[in-house]
Amino acid sequence: VWIPVVHLRGPVVMSEDEGGRSAKISAERVVPVLDALAKDEDCSAVVLAVNSPGGSALASDLIARSVERLGEGRTVVAWFGDVSASGGYYISALAHEIVANPTTITGSIGVVGGKVVVGGAFARVGIHRETVVAGPDVTMMGPWDRFTPDQEKRFRGSLVRVYDRFIDVVARGRKMDPEAVHAVAEGRVWTGVQARERGLVDHLGGLDKAIERAA
């Protein structure tokens, strides 16, 4: 019987190719590791040592789903280092327990999205472009033009759906009503002490505390 500690450090991304050579939490790498542990009959518990400012909503959701699968047959305890916010909290929310340092920066349950528009800037220096498309809204996320009113409405709708999914994951993991999660969400940031007071964290302590809880 063994209790592995899985260190998850850096921004949450989909692919190992993203973010250069710096540390990252890549869904394409992390999900297979967690799924393999879920099949390991000698693995009685897992500690996730998380230190992340967040990142991709899709990658966070994929990892959260693998954490949920992992927890179906064993105890999963998440431990928060210096920062475990946004996607860092997302991937941890479905653990059975969460341990955080008192000064951990966590929470930031929310979603941010948009695009940088450079068409006007390039036009001022004499750079223009012509686009040939095969259908409407093909270039919706392109950097040349602002959203049309309809595109902006659709984009905002997609952000709302991501936010609602985040709220649902936290509500299920923390056994809270969605309304109670919303009251501490909307991007609000908490210390470990404040997060515990609001039901987002179970215990305060270091990695040794998380290993003790898993054991």
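Residues numbered from 1 in each chain as written. Predicted model: local features only at pLDDT ≥ 70, side-chain atom pairs only at ≥ 80, totals over all residues. Heavy atoms only, no water.

Got a minute to help me understand the overall build of the protein in this structure?
A tally of helices and strands in the protein yields eight helices and nine strands. Residue burial in the protein is summarised as follows: out of 215 residues, 41% are buried. The contacts in the protein between residues at least 6 apart in sequence include a share of 68% that link residues at least 24 apart. About 11,600 Å² of surface is accessible on the protein, with carbon and sulfur atoms providing 53% of the total. Once the 25 positive and 27 negative side-chain charges of the protein are each reduced to a mean point, those two points are 4 Å apart. (Helix = DSSP H or I, 4+ residues; strand = E, 2+ residues; numbered from the N terminus. Buried < 20%, exposed > 50% of the residue type's maximum accessible area, 1.4 Å probe, protein only. Contact = heavy atoms within 4.5 Å. Areas by Shrake-Rupley, 256 points an atom, 1.4 Å probe, with all protein chains shown as cover. Lys, Arg positive; Asp, Glu negative; His and termini not counted. Charge placed at Lys NZ, Arg CZ, Asp CG, Glu CD.)

What is the right way to read the side chain of serine 15 from this model?
The residue serine 15 is located in the loop between strand 2 (12-13) and strand 3 (25-26) in this model. Residue class for serine 15 comes out buried when judged on its relative accessible area of 17%. A distance of 3.0 Å separates the side chain of serine 15 from the backbone nitrogen of aspartate 17, its partner in a polar contact. (Polar contact = N/O pair within 3.5 Å; in protein donor to acceptor, adjacent residues only side chain to side chain.)

Honestly, the pairing of strand 6 (residues 97-100) in this entry has me stumped. Any pointers?
Looking down a regular strand, the side chains alternate between one sheet face and the other. Burial along strand 6 is two-sided: Glu97 and Val99 facing one way and Ile98 and Ala100 facing the other are all buried. Where strand 5 (residues 75-85) lies against strand 6, four bridges are found, and the strand directions are parallel. Bridge assignment links valine 77 to a residue of strand 6, and that residue is glutamate 97. Sheet topology note: the strand 6/strand 9 (residues 203-204) ladder contains two bridges and is parallel. From the neighbouring strand, alanine 100 faces strand 9, where its bridge partner is leucine 204. (Pairing = 2+ DSSP bridges.)

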